[in-house]
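Structural description and commentary
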Amino acid sequence: MLQVDQFPCLSDNYGFLLHDPDSGETAAIDTPDGKEYLRQAEAKGWTITHIWNTHWHPDHAGGNADIVKATGATIVAPKEVEKLSAIDQLVAHGDTVTLGEHTAHIIDVSGHTNGHIAYHLPDADMAFVGDAVFALGCGRMFEGEPKQFWDSLERIKALPPSTTLYCAHEYTAANAKFALHADPENTALQSYVEEITAKRAKDQPTVPTELGRELATNPFLRADDPALMAKWGGTAPHETFAALRAAKDAF
Ligand code: ZN
Ligand code: FE
């Protein structure tokens, strides 16, 4: 059984260590803060053997060097991470990587940046999605195009609804406000937001989330919903997605 250690990093990132007790291998999922990852691993008694980067932003790959220096870990990453760090194993859509006997499938989820990937582990029913999808939100579109980002979200939507999504930031409270503005009649969304508000009031994380719940409530994953398309405009889902993304940027 894979184990996930989740901890806050920097101002609003989450760090994740993925540990396989059978092989003893441990993957750092992104590296917002190398020193904090090393502290967390030591507290667990784990040694980081791999780094799995989702995209090149410094709050995701900026700690690579510190971790490699301390542990000699193997860096698995899309080629854009070369902007920040060396890469030992370049990966792209359709590739697989392993942690012990567990396999992660690489999915292209570009749009926030080009060369943004997710790691989907079917046997563990989990995916590490970086800044592609958040609880009730998605990443800002810094480098990509609406059609590209929507196609990426469709690949996430196609995973089993039971998939646990590990998103890289605690942005949920702000996302919830926009989601209610975007889709005010959605009763599943309304009850989800009540839970989120209660959790954040107690300073509890809202990550991870479950894909099935996001499919019913996250406006960015629902840009193909006829009611949202009618409300936000667009004759194709990626146009509605673009309208929602622009409205959120200005919200
Ligand atoms: Zn990012
Ligand atoms: Fe980020």
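About the thresholds
- Residues numbered from 1 in each chain as written.
- Chains lettered and ligands numbered in written order.
- Predicted model: local features only at pLDDT ≥ 70, side-chain atom pairs only at ≥ 80, totals over all residues.
- Heavy atoms only, no water.
- Donors = N, O, S within 2.8 Å, 3.2 Å for Na, K, Ca; no water.
- Helix = DSSP H or I, 4+ residues; strand = E, 2+ residues; numbered from the N terminus.
- Pairing = 2+ DSSP bridges.
- Core = buried A, V, L, I, M, F, W, Y, C linked by side-chain atoms within 4.5 Å.
- Buried < 20%, exposed > 50% of the residue type's maximum accessible area, 1.4 Å probe, protein only.

Moving on: the coordination of the iron ion (ligand 2). Those protein atoms acting as donors to the iron ion (ligand 2) are Asp59 (OD), His60 (NE2), Asp131 (OD) and His169 (NE2), and they sit at 2.0 to 2.3 Å. All donors of the iron ion (ligand 2) belong to a single chain; written as a sequence motif, their spacing is D-H-x70-D-x37-H. In this structure the zinc ion (ligand 1) is found 3.2 Å away from the iron ion (ligand 2), and Asp131 serves as a bridging donor for the pair. Of the two residues, His60 is situated in helix 2 (residues 58-61) and His169 in the loop between strand 13 (164-167) and helix 5 (172-182); the sequence distance between them amounts to 109 residues.

What follows concerns the sheet that holds strand 14 (residues 209-210). The sheet built from six strands is open, its strands ordered 7-8-9-10-13-14 with mixed pairing. At either end of the open sheet lies a strand with only one pairing partner, and these are strand 7 (96-99) and strand 14. Where strand 8 (residues 102-108) and strand 9 (residues 117-121) come together, four bridges link them in antiparallel fashion. Residue pairing for strand 9: Asp108 is matched across the bridge by Ile117.

This next bit is on the nonpolar core. Counting 47 residues, the largest nonpolar core has Leu18, Trp52, Tyr119 and Phe128 as the members making the most contacts within it. In this structure, Ala28, Trp56, Ala61 and Ile67 belong to the second largest nonpolar core, which totals 17 residues.

Shape descriptors only; they carry no functional weight alone.
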